[in-house]
Amino acid sequence: MEQAIMSNSETSHGERFERCGDRIRPGRLAPGRAAMWLLAKLLRRLVQNGRLTIYDPCGETWHFGPGGEPAVSVRLTDKGLPARLLANPSLALGEAYMDGTLRIEAGSLRGLLSICTSDMDTIYALPGMRLIRMLDAFMARRLHHNPISRSHANVAHHYDISTELYDLFLDADRQYSCAYFPTGVETLDEAQALKKKHIAAKLLLRPGMQVLDIGSGWGGLAMELAQQHAARVTGLSLSTEQIAAARDRAARSGLSDRVAFERRDYREERGRYDRVVSVGMFEHVGRSGFDAFFATLQRVLTSDGIALVHAIGTMAPEGGSDPWIRKYIFPGGYLPTLSETIAAAERSGMWVTDVEVLRLHYAETLRHWSERFAAERETARTLYDERFCRMWEFYLAVCEMAFRNGRLMVFQIQLAKRRDSVPLTRDYIGETEAGQIDENISSVTSTRRAS
């Protein structure tokens, strides 16, 4: 099937009649029609797979793509929507789906976003997107600057909502970060358990070690390190809901003597730790906070300490944030590049001892979350409302496609104050995960700690 634009209206697009409203005037395109015509021109280039059908607000039907799957039909009910989609695609698309001015009549939201993100370079090249990036760069300090008071507000916006919501789609341990799929066929619970095991292996833990968990969430990783590795863990979070849930869980698990959860900003931490781990929190630091973050790690670590930072990043030339995600999901968030993160770590004086990039792992995690949320959608509606459910559906689906088709990935950076704090090769990671810890690793790290 040819890639083209077609209409079922009696008047062809080429005649350029105004068909919106009560008037039909030849000779020029009305503003609403001009925006739809320009949007169609963009979609001709953008839709490279599948089939997208649009029923526009003026009663015309447009077809894009070569055919096949995914096949999606959408209806636009707001005459101003095409112009907004051209000016700010992410924000306008997300809000239109939330408000119901974009309705999916055949296919799925994930299918629509798969089609729309199949050629992200075309989206990034839009004049409106270039202008947005320029404005973001100009306003970067205000958008992504997160002093302690603002960090509290940002965290409350996303995390201090009902824990029941998160129980609808997270695994049993409430791991709200990228899972680890070594083979790609693991269940969500298996992949999250493997993620914790993978991180623990990189921390080279020994019984009795003091561990700081920055951004400890609902406490699953902290309790794993205490229970399986006999560590003593302090978890930090700014979320009132998460701290309460983590403390309750630790008490019920009999781990309160080995795990403590505190509602405290990492910059306020004054303890000393053998290990520091931070999973899914660095994205909330903001570019202006990078140096303070790594200076804190450097300050609280013992002389032979090791840190592991697990975060979402981007392989784009510069870091940043998506307008819709920033407005509705993670205010103050900033997705860094690997290069600027490593540069900040090196400015702190620490050694970068290992880097791993997880590319499609988060796409698979988000796919599981989307499917679980869809299965419990009616329960979510009883907790909130239809607009919230649409917002959450869009959040999970658009993030999945950003990892699957866009420039997002997850990185894990291992850091140490001394170059010899970890073994010379990374074989120990797989051996530790497999439960085959080489005795000489234990003895070498013990000797170094004593020195």
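Here the structure is a predicted model, which is why all the values come from computation and not from measurement.

**Quick word on the overall build of the chain**
A count of helical and extended segments in the chain gives 20 helices and eleven strands. Classification of the 451 residues of the chain by burial places 54% in the buried group. Long-range contacts, defined as pairs at least 24 residues apart, comprise 71% of the intrachain contacts of the chain with a sequence gap of at least 6. Approximately 19600 Å² of the chain is accessible, and the part contributed by carbon and sulfur atoms is 52%.

**Section: the pairing of strand S6 (residues 232-237)**
Taking burial as the measure, the six residues of S6 include five buried ones, the bulk of the element. With five bridges joining them, strand S5 (residues 210-214) and S6 adopt parallel strand pairing. In the sheet register, Val211 faces S6, and the bridge partner there is Val233. In this fold, the crossover linking S5 to S6 by way of helix H11 (residues 220-229) has right-handed handedness. Taken together, S6, helix H12 (residues 240-252) and strand S7 (residues 259-263) constitute a β-α-β crossover, and its handedness is right-handed.

**Focus on the sheet that holds strand S8 (residues 273-279)**
Strand order in the open sheet formed by seven strands is S7-S6-S5-S8-S9-S11-S10, with mixed pairing between adjacent strands. Every other strand in the sheet has two partners, leaving S7 and strand S10 (351-358) as the edge strands with one partner each. Averaged over all adjacent pairs, the angle separating strand axes in this sheet is 15°, with direction ignored. With respect to the sheet, H11 is in contact with S5, S6, S7 and S8, its orientation differing from that of S7 by roughly 155°.

**A look at the pairing of strand S3 (residues 71-76)**
Two faces make up the sheet, and in a regular strand the side chains alternate between them. Sheet topology note: the strand S1 (residues 50-55)/S3 ladder contains five bridges and is parallel. When the sheet's bridge partners are listed, Tyr55 is paired in S3 with Arg75. For S3 and strand S4 (residues 102-106), the ladder comprises four bridges, and the chain directions are antiparallel. Looking at S4, one finds that Ser73 is bridged to Ala106.

**A closer look at the confidence of the model for the chain**
On average, the chain scores 86 in pLDDT, and the residues at 70 or more come to 80%. Below pLDDT 50 for its whole length, residues 21-27 participates in eleven contacts with residues either more than four positions away or in separate chains. Long-range and interchain partners of residues 447-451, a stretch whose pLDDT sits below 50, account for eleven contacts in this model, where long-range means more than four residues apart.

**Description of the sheet that holds S4**
With mixed pairing, four strands are arranged side by side in an open sheet as S2-S1-S3-S4. Unpaired on one side and paired on the other, strand S2 (61-67) and S4 mark the two borders of the sheet. The average angle at which neighbouring strand axes cross in this sheet is 20°, direction not considered. The pairing of S1 with S2 spans five bridges and is antiparallel. The partner of Leu52 across the bridge, within S2, is Phe64.

**A word on the packing of helix H13 (residues 290-300) against helix H15 (residues 338-347)**
At their nearest, the axes of H13 and H15 sit 8 Å apart, and the two run at 50° to each other. Judged on the interaxial angle alone, H15 and H13 are oblique. As for the relative orientation of H13 and H15, their crossing is right-handed in sense. Together, Phe290, Asp291 and Phe294 of H13 and Glu340, Thr341, Ala344, Ala345 and Arg347 of H15 make up the contact between the two elements.

**Some words on the environment of Thr117**
Mapped onto the elements, Thr117 comes out in the loop between helix H4 (109-116) and helix H5 (120-124). A sequence separation of 71 residues divides Thr117 from Leu46, and the C-alpha atoms of the two residues are 8.2 Å apart. Sequence-distant contacts of Thr117, that is, excluding residues within four places in its chain, are made with Met401 and Asn405. Among the polar contacts made by the side chain of Thr117, one reaches the main-chain carbonyl oxygen of Leu113 at a distance of 2.7 Å.

**Remarks on the pattern of salt bridges**
If you walk through the whole model with that rule in mind, you get 33 salt bridges. Note that Arg252 and Asp248 form a salt bridge whose closest N and O atoms lie 2.9 Å from each other. With Arg252 and Asp248 both in helix H12 and four residues apart, this pair spans about one turn of that helix. When its relative accessible area of 63% is taken as the criterion, Arg252 is described as exposed. Residue class for Asp248 comes out partly exposed when judged on its relative accessible area of 39%. Measuring nitrogen to oxygen at the nearest pair gives 3.6 Å for the salt bridge that ties Arg381 to Glu378. Residue Arg381 and its partner Glu378 are located together in helix H17 (residues 377-383), separated by three residues, close to a single helical turn. Looking at Arg381, the relative accessible area reads 36%, which means it is partly exposed.

**Here we look at H12**
The end-to-end C-alpha separation of H12 is 19 Å, in line with the 18 Å expected for 13 residues at 1.5 Å each. Restricting attention to buried positions, one finds in H12 the residues Gln242, Ile243, Ala245, Ala246 and Ala250. Immediately downstream of H12, the backbone of Gly254 shows phi near 70°, a positive value.

**Examining H11**
The set of residues buried in H11 consists of Gly220, Leu221, Ala222, Met223, Leu225 and Ala226. Lining the buried residues of H11 we find helix H10 (188-203), S5, S6, H12, S7 and S8.

**Some thoughts on the packing of aromatic side chains**
A complete count under the given rule lists 25 aromatic pairs for this structure. Considering the side-chain rings of Phe330 and Tyr395, the 6.0 Å spacing of their centres and the 80° angle between planes classify their relative orientation as edge-to-face. Residue Phe330 is located in the loop between helix H14 (323-328) and H15, and its partner Tyr395 is located in helix H18 (residues 386-405); the two are separated by 65 residues in the primary sequence. Per residue, the accessibility class of Phe330 equals that of Tyr395, and both read buried.

**With respect to the packing of helix H3 (residues 89-99) against H18**
Packing of H3 against H18 leaves a shortest axis separation of 8 Å and a crossing angle of 140°. As judged from the angle between their axes, H3 and H18 are oblique. Viewed along their axes, H3 and H18 form a crossing whose handedness is right-handed. For the pair H3 and H18, contact is made by Ser90, Leu93, Gly94, Tyr97, Met98 and Asp99 and by Arg387, Arg390, Met391, Glu393 and Phe394, respectively. Taken together, the residues of the contact of H3 with H18 sort by class into five nonpolar, two polar and four charged.

Cut-offs used in this document
- Each chain carries its own residue numbering, running from 1 in the written order of its sequence.
- Residue-level local features of this predicted model are given only where pLDDT is at least 70; pairs of side-chain atoms are given and counted only at 80 or more, and the full residue set underlies all totals for whole chains, interfaces and linings.
- No hydrogens and no water enter the side-chain calculation; it runs on all heavy atoms of the structure.
- Each helix is a run of DSSP H or I of at least 4 residues and each strand a run of E of at least 2, with the numbering of both proceeding from the N terminus.
- Remark: exposure states derive from per-residue accessible area (1.4 Å probe, protein chains only) relative to the maximum for the residue type, with buried under 20%, exposed over 50%, and partly exposed in between.
- Residues are treated as being in contact if the distance between any of their heavy atoms lies within 4.5 Å.
- Each accessible area value is a Shrake-Rupley result obtained with a 1.4 Å probe; residue values ignore everything except the protein chains displayed when judging cover.
- The pairing criterion is simple: DSSP has to find at least two bridges between the two strands.
- Crossovers are marked right-handed if the path from the first strand over the helix to the second runs clockwise, as seen with the strands pointing away from the viewer.
- The convention used is that axes are lines fitted to C-alpha atoms, helices contributing only their stretch in contact, and that angles between N-to-C directions extend from 0 to 180 degrees.
- Confidence scores labelled pLDDT are given residue by residue by the predictor and lie between 0 and 100.
- Throughout this description, any angle smaller than 35 degrees is read as roughly parallel, any larger than 145 degrees as roughly antiparallel, any in the 65 to 115 degree range as roughly perpendicular, and the remainder as oblique.
- Each crossing is labelled by how the near helix is turned from the far one, with a counterclockwise turn of less than a right angle marking it left-handed and a clockwise turn marking it right-handed.
- In protein, a polar contact requires one atom able to donate a hydrogen and another able to accept it; more generally it is a pair of N or O atoms within 3.5 Å, and residues adjacent in sequence count only if both atoms are side-chain atoms.
- Put simply, a salt bridge is a Lys or Arg side-chain nitrogen that is within 4 Å of an Asp or Glu carboxyl oxygen.
- To estimate how far a helix should reach, multiply one less than its number of residues by 1.5 Å.
- Between the rings of Phe, Tyr and Trp (Trp by its six-membered ring), a pair exists once the centres lie within 6.5 Å; its type follows the angle of the planes, with under 30 degrees stacked, over 60 edge-to-face, and the other angles tilted.
- Any residue that is not Ala, Val, Leu, Ile, Met, Phe, Trp, Tyr, Cys, Pro, Asp, Glu, Lys or Arg is counted as polar, Gly included; the first ten are nonpolar and the last four charged.

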